[in-house]
Amino acid sequence: MSDKDTHKTELAAIREAAHIWRARLDDELASDKDHLAFRHWLSEDIRHQEEYSRIDALWGQLGTIAEDELTAENRNSLNRVRAVSVEKAASHVNETPNIVPKPVRIDVPHRLRLVIGSVMATAALVMIVYLPDRFHSATEIKTPIITSYSTERGEVNQITLADGSTANLGADSTIEFTMSPNSRSVTLIQGEAFFAVTKQQDQPFTVAAGKMRIEVTGTAFGVRLGATRTDVAVSEGNVRVSYPMMIGGKPNPTMRSTHQVSAGTAVTATPKEGLLAPSPVRADAVAPWRSGRLVYIAAPLVEVVADANRYSATPIVLDDETVGSITVSGSFNADETTETLHILSETMGFDIDFSRPDEIRITHTGN
(Lines give C-alpha, C1' and ligand atoms only; values in the text may rest on other atoms or scores of the structure.)
Protein backbone atom coordinates (compact mmCIF):
# COMPACT_ATOMS: atom_id res chain seq x y z
CA MET A 1 0.00 0.00 0.00
CA SER A 2 1.34 3.42 -0.97
CA ASP A 3 1.91 6.20 1.54
CA LYS A 4 -1.04 8.07 0.00
CA ASP A 5 -3.34 5.06 0.43
CA THR A 6 -2.12 4.53 3.98
CA HIS A 7 -2.82 8.17 4.84
CA LYS A 8 -6.30 7.93 3.29
CA THR A 9 -7.09 4.77 5.27
CA GLU A 10 -5.85 6.29 8.52
CA LEU A 11 -7.86 9.46 7.92
CA ALA A 12 -11.02 7.45 7.22
CA ALA A 13 -10.53 5.55 10.50
CA ILE A 14 -9.99 8.80 12.43
CA ARG A 15 -13.08 10.31 10.83
CA GLU A 16 -15.18 7.28 11.80
CA ALA A 17 -13.84 7.47 15.36
CA ALA A 18 -14.71 11.17 15.48
CA HIS A 19 -18.30 10.40 14.47
CA ILE A 20 -18.47 7.73 17.20
CA TRP A 21 -17.10 10.10 19.85
CA ARG A 22 -19.58 12.82 18.76
CA ALA A 23 -22.51 10.41 19.13
CA ARG A 24 -21.16 9.03 22.39
CA LEU A 25 -20.70 12.43 24.05
CA ASP A 26 -24.10 13.58 22.79
CA ASP A 27 -25.70 10.85 24.90
CA GLU A 28 -27.04 12.17 28.22
CA LEU A 29 -25.66 9.00 29.85
CA ALA A 30 -22.08 9.86 28.87
CA SER A 31 -19.94 9.52 31.99
CA ASP A 32 -16.90 11.36 33.32
CA LYS A 33 -14.95 8.29 32.28
CA ASP A 34 -16.14 8.79 28.69
CA HIS A 35 -15.06 12.43 28.70
CA LEU A 36 -11.63 11.55 30.11
CA ALA A 37 -11.13 8.91 27.44
CA PHE A 38 -12.22 11.41 24.79
CA ARG A 39 -9.65 13.96 25.95
CA HIS A 40 -7.00 11.27 25.83
CA TRP A 41 -8.01 10.36 22.27
CA LEU A 42 -7.79 14.01 21.23
CA SER A 43 -4.31 14.37 22.71
CA GLU A 44 -2.93 11.37 20.81
CA ASP A 45 -2.81 12.99 17.37
CA ILE A 46 -3.39 16.49 15.98
CA ARG A 47 -5.49 14.85 13.26
CA HIS A 48 -7.90 13.68 15.95
CA GLN A 49 -8.46 17.28 16.98
CA GLU A 50 -8.89 18.48 13.39
CA GLU A 51 -11.30 15.73 12.36
CA TYR A 52 -13.38 15.99 15.52
CA SER A 53 -13.73 19.74 14.98
CA ARG A 54 -15.04 19.12 11.46
CA ILE A 55 -17.41 16.38 12.58
CA ASP A 56 -18.67 18.52 15.46
CA ALA A 57 -19.37 21.34 12.98
CA LEU A 58 -21.08 18.91 10.62
CA TRP A 59 -23.48 17.74 13.33
CA GLY A 60 -24.21 21.27 14.49
CA GLN A 61 -24.11 23.51 11.45
CA LEU A 62 -27.56 22.70 10.08
CA GLY A 63 -29.09 23.64 13.40
CA THR A 64 -29.28 27.28 12.31
CA ILE A 65 -31.69 26.29 9.53
CA ALA A 66 -35.22 25.34 10.56
CA GLU A 67 -35.96 21.61 10.13
CA ASP A 68 -38.85 22.23 7.75
CA GLU A 69 -36.57 24.29 5.48
CA LEU A 70 -34.21 21.38 4.80
CA THR A 71 -34.69 19.15 1.78
CA ALA A 72 -35.42 15.48 2.38
CA GLU A 73 -32.01 14.73 0.87
CA ASN A 74 -30.24 16.96 3.40
CA ARG A 75 -32.15 15.53 6.35
CA ASN A 76 -31.67 11.93 5.27
CA SER A 77 -27.92 12.39 4.68
CA LEU A 78 -27.30 13.90 8.09
CA ASN A 79 -29.58 11.42 9.83
CA ARG A 80 -27.76 8.49 8.19
CA VAL A 81 -24.47 9.72 9.61
CA ARG A 82 -26.05 10.22 13.03
CA ALA A 83 -27.74 6.82 13.04
CA VAL A 84 -24.59 4.93 12.06
CA SER A 85 -22.52 6.85 14.59
CA VAL A 86 -24.98 6.29 17.43
CA GLU A 87 -25.16 2.59 16.62
CA LYS A 88 -21.37 2.27 16.64
CA ALA A 89 -21.11 4.35 19.78
CA ALA A 90 -23.56 2.01 21.49
CA SER A 91 -21.53 -1.01 20.44
CA HIS A 92 -18.46 0.56 22.08
CA VAL A 93 -20.21 1.59 25.27
CA ASN A 94 -18.37 -0.99 27.37
CA GLU A 95 -15.01 -0.44 25.73
CA THR A 96 -13.99 2.80 27.40
CA PRO A 97 -10.45 2.32 28.68
CA ASN A 98 -9.70 3.15 32.30
CA ILE A 99 -7.50 6.10 31.48
CA VAL A 100 -6.48 9.17 33.39
CA PRO A 101 -5.02 11.33 30.63
CA LYS A 102 -1.94 13.37 31.19
CA PRO A 103 -2.46 17.13 31.38
CA VAL A 104 -2.41 18.53 27.85
CA ARG A 105 -3.37 21.81 26.27
CA ILE A 106 -5.77 21.04 23.46
CA ASP A 107 -6.43 23.75 20.89
CA VAL A 108 -9.41 22.30 19.06
CA PRO A 109 -9.99 24.36 15.88
CA HIS A 110 -13.11 26.49 16.23
CA ARG A 111 -16.37 25.48 14.58
CA LEU A 112 -17.72 27.55 11.72
CA ARG A 113 -17.79 31.12 13.01
CA LEU A 114 -20.53 33.63 12.30
CA VAL A 115 -18.27 36.65 11.76
CA ILE A 116 -15.82 37.49 9.03
CA GLY A 117 -12.17 37.96 9.94
CA SER A 118 -10.77 41.45 10.18
CA VAL A 119 -8.95 41.27 6.85
CA MET A 120 -11.30 43.55 4.97
CA ALA A 121 -9.64 46.25 2.90
CA THR A 122 -11.11 49.41 1.40
CA ALA A 123 -13.20 48.83 -1.73
CA ALA A 124 -11.20 49.46 -4.88
CA LEU A 125 -12.41 52.48 -6.78
CA VAL A 126 -12.13 51.29 -10.37
CA MET A 127 -13.29 54.33 -12.28
CA ILE A 128 -14.64 57.77 -11.37
CA VAL A 129 -16.10 60.14 -13.94
CA TYR A 130 -17.11 62.58 -11.25
CA LEU A 131 -17.47 62.13 -7.50
CA PRO A 132 -19.10 65.05 -5.66
CA ASP A 133 -17.99 66.29 -2.26
CA ARG A 134 -21.60 66.21 -0.99
CA PHE A 135 -24.85 64.37 -1.77
CA HIS A 136 -27.10 65.55 -4.59
CA SER A 137 -30.82 65.66 -5.34
CA ALA A 138 -32.45 65.49 -8.76
CA THR A 139 -32.77 69.28 -9.12
CA GLU A 140 -29.00 69.75 -8.66
CA ILE A 141 -27.85 67.22 -11.26
CA LYS A 142 -27.03 68.73 -14.65
CA THR A 143 -24.89 65.96 -16.13
CA PRO A 144 -24.81 62.26 -15.20
CA ILE A 145 -22.53 61.13 -12.40
CA ILE A 146 -21.09 57.69 -13.17
CA THR A 147 -19.08 55.79 -10.57
CA SER A 148 -17.83 52.20 -10.55
CA TYR A 149 -16.82 50.29 -7.43
CA SER A 150 -15.29 46.88 -7.00
CA THR A 151 -14.14 44.64 -4.15
CA GLU A 152 -11.39 42.04 -4.22
CA ARG A 153 -11.70 38.34 -3.45
CA GLY A 154 -12.54 37.88 0.24
CA GLU A 155 -13.24 41.61 0.71
CA VAL A 156 -16.54 43.09 1.91
CA ASN A 157 -17.05 46.83 2.18
CA GLN A 158 -19.65 49.58 2.47
CA ILE A 159 -19.63 52.63 0.21
CA THR A 160 -21.75 55.77 0.08
CA LEU A 161 -23.23 56.65 -3.30
CA ALA A 162 -23.57 60.18 -4.68
CA ASP A 163 -27.22 60.46 -3.57
CA GLY A 164 -26.48 59.46 0.04
CA SER A 165 -27.64 55.85 -0.38
CA THR A 166 -25.27 53.15 0.84
CA ALA A 167 -24.18 49.97 -0.88
CA ASN A 168 -22.53 47.07 0.91
CA LEU A 169 -20.51 45.11 -1.62
CA GLY A 170 -19.89 41.40 -1.15
CA ALA A 171 -16.59 39.74 -1.97
CA ASP A 172 -15.37 39.98 -5.59
CA SER A 173 -18.31 42.17 -6.57
CA THR A 174 -18.65 45.11 -8.96
CA ILE A 175 -21.33 47.77 -9.39
CA GLU A 176 -21.69 50.84 -11.58
CA PHE A 177 -23.81 53.70 -10.24
CA THR A 178 -25.27 56.37 -12.53
CA MET A 179 -27.04 59.45 -11.17
CA SER A 180 -28.85 61.64 -13.70
CA PRO A 181 -31.39 64.48 -13.44
CA ASN A 182 -34.34 62.07 -13.44
CA SER A 183 -33.04 58.76 -12.16
CA ARG A 184 -30.59 56.80 -10.06
CA SER A 185 -29.47 53.46 -11.46
CA VAL A 186 -27.10 50.67 -10.49
CA THR A 187 -25.79 47.83 -12.61
CA LEU A 188 -24.65 44.83 -10.59
CA ILE A 189 -21.96 43.52 -12.90
CA GLN A 190 -20.95 40.60 -10.69
CA GLY A 191 -21.32 39.31 -7.14
CA GLU A 192 -23.79 40.72 -4.63
CA ALA A 193 -24.74 43.94 -2.91
CA PHE A 194 -27.05 45.27 -0.22
CA PHE A 195 -28.59 48.70 -0.77
CA ALA A 196 -30.06 51.13 1.76
CA VAL A 197 -31.71 53.68 -0.54
CA THR A 198 -32.48 57.27 0.38
CA LYS A 199 -36.08 58.16 -0.42
CA GLN A 200 -36.48 60.56 -3.34
CA GLN A 201 -39.93 60.33 -4.96
CA ASP A 202 -38.89 62.33 -8.03
CA GLN A 203 -35.80 60.21 -8.64
CA PRO A 204 -36.47 56.43 -8.71
CA PHE A 205 -33.66 54.04 -7.84
CA THR A 206 -33.24 51.01 -10.11
CA VAL A 207 -30.90 48.03 -10.09
CA ALA A 208 -30.09 45.83 -13.08
CA ALA A 209 -28.69 42.38 -12.27
CA GLY A 210 -28.41 40.27 -15.39
CA LYS A 211 -31.91 40.13 -16.86
CA MET A 212 -33.56 41.10 -13.58
CA ARG A 213 -34.70 44.67 -12.88
CA ILE A 214 -35.48 46.11 -9.43
CA GLU A 215 -37.25 49.47 -8.95
CA VAL A 216 -37.61 51.40 -5.67
CA THR A 217 -37.86 54.91 -4.27
CA GLY A 218 -36.53 54.27 -0.76
CA THR A 219 -35.94 50.88 0.85
CA ALA A 220 -33.30 48.33 1.91
CA PHE A 221 -32.70 45.10 0.01
CA GLY A 222 -30.04 42.67 -1.12
CA VAL A 223 -29.31 41.45 -4.65
CA ARG A 224 -27.19 38.46 -5.63
CA LEU A 225 -26.14 37.64 -9.21
CA GLY A 226 -25.34 33.91 -9.01
CA ALA A 227 -24.09 31.27 -11.41
CA THR A 228 -27.56 29.93 -12.25
CA ARG A 229 -29.99 32.29 -10.48
CA THR A 230 -30.53 35.86 -9.37
CA ASP A 231 -31.91 36.55 -5.89
CA VAL A 232 -33.52 39.59 -4.27
CA ALA A 233 -34.36 39.78 -0.56
CA VAL A 234 -36.04 42.80 1.05
CA SER A 235 -35.50 43.87 4.66
CA GLU A 236 -37.33 47.24 4.56
CA GLY A 237 -39.97 48.79 2.32
CA ASN A 238 -41.06 47.37 -1.03
CA VAL A 239 -39.45 46.77 -4.40
CA ARG A 240 -40.81 45.95 -7.83
CA VAL A 241 -38.95 43.06 -9.45
CA SER A 242 -39.25 42.12 -13.11
CA TYR A 243 -37.75 39.40 -15.31
CA PRO A 244 -38.33 38.26 -18.92
CA MET A 245 -41.52 36.19 -19.21
CA MET A 246 -41.10 32.50 -19.96
CA ILE A 247 -42.58 31.57 -23.35
CA GLY A 248 -41.93 28.15 -24.83
CA GLY A 249 -39.55 27.34 -22.00
CA LYS A 250 -37.30 30.34 -22.71
CA PRO A 251 -37.15 33.94 -21.43
CA ASN A 252 -38.81 36.39 -23.84
CA PRO A 253 -36.95 39.73 -23.82
CA THR A 254 -40.00 41.70 -25.04
CA MET A 255 -42.39 40.66 -22.25
CA ARG A 256 -41.71 40.73 -18.50
CA SER A 257 -43.15 39.09 -15.39
CA THR A 258 -43.31 41.29 -12.29
CA HIS A 259 -43.70 40.90 -8.53
CA GLN A 260 -44.10 43.44 -5.75
CA VAL A 261 -41.74 42.19 -3.04
CA SER A 262 -42.21 43.49 0.49
CA ALA A 263 -40.06 43.43 3.63
CA GLY A 264 -39.41 39.91 4.90
CA THR A 265 -39.80 38.45 1.43
CA ALA A 266 -37.39 37.14 -1.21
CA VAL A 267 -37.72 36.25 -4.87
CA THR A 268 -35.55 34.25 -7.27
CA ALA A 269 -35.31 34.10 -11.06
CA THR A 270 -33.57 31.50 -13.24
CA PRO A 271 -33.14 31.19 -17.03
CA LYS A 272 -34.96 27.82 -16.90
CA GLU A 273 -37.90 28.76 -14.65
CA GLY A 274 -38.22 32.51 -14.99
CA LEU A 275 -39.40 34.66 -12.08
CA LEU A 276 -40.52 32.43 -9.21
CA ALA A 277 -43.17 33.28 -6.63
CA PRO A 278 -42.01 35.37 -3.64
CA SER A 279 -41.32 33.47 -0.41
CA PRO A 280 -40.78 34.50 3.23
CA VAL A 281 -37.21 35.17 4.37
CA ARG A 282 -35.87 35.67 7.88
CA ALA A 283 -34.30 39.03 8.65
CA ASP A 284 -30.89 37.44 9.29
CA ALA A 285 -31.00 35.76 5.86
CA VAL A 286 -31.11 39.07 3.93
CA ALA A 287 -27.55 39.51 2.66
CA PRO A 288 -26.12 37.45 5.58
CA TRP A 289 -22.60 37.79 4.16
CA ARG A 290 -22.53 41.26 5.77
CA SER A 291 -22.01 39.49 9.10
CA GLY A 292 -19.76 36.81 7.65
CA ARG A 293 -22.30 34.07 6.89
CA LEU A 294 -23.34 32.30 3.73
CA VAL A 295 -26.88 30.89 4.08
CA TYR A 296 -28.46 28.37 1.71
CA ILE A 297 -31.87 26.71 1.66
CA ALA A 298 -32.08 23.93 -0.94
CA ALA A 299 -29.50 25.72 -3.12
CA PRO A 300 -27.61 23.81 -5.84
CA LEU A 301 -23.97 23.11 -5.08
CA VAL A 302 -22.99 25.16 -8.16
CA GLU A 303 -24.23 28.28 -6.33
CA VAL A 304 -22.31 27.40 -3.17
CA VAL A 305 -19.15 26.92 -5.25
CA ALA A 306 -19.72 30.22 -7.07
CA ASP A 307 -19.84 32.01 -3.71
CA ALA A 308 -16.87 30.03 -2.37
CA ASN A 309 -14.79 31.14 -5.35
CA ARG A 310 -15.29 34.75 -4.32
CA TYR A 311 -13.50 34.00 -1.04
CA SER A 312 -11.12 31.12 -1.85
CA ALA A 313 -7.55 31.91 -2.93
CA THR A 314 -7.53 28.68 -4.98
CA PRO A 315 -10.18 28.25 -7.70
CA ILE A 316 -12.81 25.60 -6.94
CA VAL A 317 -13.97 23.61 -9.98
CA LEU A 318 -16.99 21.33 -10.38
CA ASP A 319 -16.28 18.08 -12.23
CA ASP A 320 -19.63 18.13 -14.06
CA GLU A 321 -23.14 19.57 -14.00
CA THR A 322 -24.57 16.58 -12.15
CA VAL A 323 -22.48 17.11 -9.03
CA GLY A 324 -23.30 20.82 -9.27
CA SER A 325 -27.02 20.05 -8.96
CA ILE A 326 -26.65 18.49 -5.47
CA THR A 327 -28.77 20.60 -3.10
CA VAL A 328 -27.29 22.17 0.00
CA SER A 329 -28.90 23.76 3.06
CA GLY A 330 -26.99 25.32 5.91
CA SER A 331 -25.39 28.39 7.43
CA PHE A 332 -21.64 28.63 6.96
CA ASN A 333 -18.74 30.94 7.71
CA ALA A 334 -17.77 32.96 4.63
CA ASP A 335 -14.02 32.91 5.28
CA GLU A 336 -13.86 29.12 5.76
CA THR A 337 -15.23 28.02 2.40
CA THR A 338 -12.87 25.11 1.76
CA GLU A 339 -13.50 23.75 5.27
CA THR A 340 -17.23 24.07 4.69
CA LEU A 341 -17.03 22.13 1.42
CA HIS A 342 -14.91 19.47 3.09
CA ILE A 343 -17.53 19.01 5.81
CA LEU A 344 -20.42 18.95 3.33
CA SER A 345 -18.66 16.34 1.21
CA GLU A 346 -19.07 13.79 3.99
CA THR A 347 -22.86 13.68 3.61
CA MET A 348 -23.73 15.29 0.28
CA GLY A 349 -22.25 12.64 -2.04
CA PHE A 350 -19.17 14.36 -3.46
CA ASP A 351 -15.41 14.23 -2.98
CA ILE A 352 -12.85 17.04 -2.93
CA ASP A 353 -9.51 16.64 -4.71
CA PHE A 354 -6.74 18.88 -3.33
CA SER A 355 -3.93 17.15 -5.30
CA ARG A 356 -3.57 19.95 -7.88
CA PRO A 357 -1.74 23.12 -6.83
CA ASP A 358 -3.79 25.43 -9.06
CA GLU A 359 -7.34 24.25 -8.31
CA ILE A 360 -9.64 22.38 -5.94
CA ARG A 361 -11.80 19.90 -7.85
CA ILE A 362 -15.17 18.56 -6.70
CA THR A 363 -16.15 15.15 -8.05
CA HIS A 364 -18.79 12.51 -7.42
CA THR A 365 -17.96 10.11 -4.59
CA GLY A 366 -16.07 7.15 -6.04
CA ASN A 367 -14.94 8.94 -9.24
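See the structure above.
One structure accompanies this document, and this report is about it. Not measured: the values here are computed from a predicted model.

**Structural notes on the overall build of the chain**
Consideration 1: Secondary structure summary: the chain contains seven helices and 20 strands in total.
Consideration 2: In the chain, which comprises 367 residues, the share counted as buried stands at 47%.
Consideration 3: Within the chain, contacts between residues separated by at least 24 positions form 58% of all contacts whose residues are at least 6 apart in sequence.
Consideration 4: Accessible area of the chain: about 18100 Å², with a carbon and sulfur share of 53%.

**Things to note about the packing of aromatic side chains**
Consideration 1: Applying the stated criterion across every chain yields a total of five aromatic pairs.
Consideration 2: On the basis of an interplanar angle of 35° and a centroid distance of 6.2 Å, the ring pair of Y296 and F332 is categorised as tilted. Note that Y296 is positioned in strand β16 (residues 293-300) and F332 in strand β18 (residues 327-333), a separation of 36 residues in sequence.
Consideration 3: When its relative accessible area of 6% is taken as the criterion, Y296 is described as buried.
Consideration 4: On the basis of relative accessibility, which here comes to 2%, the residue F332 falls in the buried class.

**Some thoughts on the sheet that holds strand β20 (residues 360-364)**
Sheet strands pair via backbone hydrogen bonds, and the direction of the pair is either parallel or antiparallel.
Consideration 1: One open sheet holds the three strands; their spatial order is β17-β20-β19, and the pairing between them is mixed. Of all the strands in the sheet, the pair left with one neighbour each is β17 (316-318) and β19 (350-353). Sheet twist, expressed as the average angle between the axes of neighbouring strands with direction ignored, equals 25°.
Consideration 2: Direction of pairing for β19 relative to β20: antiparallel, over a ladder of four bridges.

Rules used in this analysis
Residues numbered from 1 in each chain as written. Predicted model: local features only at pLDDT ≥ 70, side-chain atom pairs only at ≥ 80, totals over all residues. Heavy atoms only, no water. Helix = DSSP H or I, 4+ residues; strand = E, 2+ residues; numbered from the N terminus. Buried < 20%, exposed > 50% of the residue type's maximum accessible area, 1.4 Å probe, protein only. Contact = heavy atoms within 4.5 Å. Areas by Shrake-Rupley, 256 points an atom, 1.4 Å probe, with all protein chains shown as cover. Phe/Tyr/Trp six-rings, centres within 6.5 Å; stacked < 30°, edge-to-face > 60°. Pairing = 2+ DSSP bridges. Axes fitted to C-alpha atoms, helices over the stretch in contact; angles between N-to-C directions.

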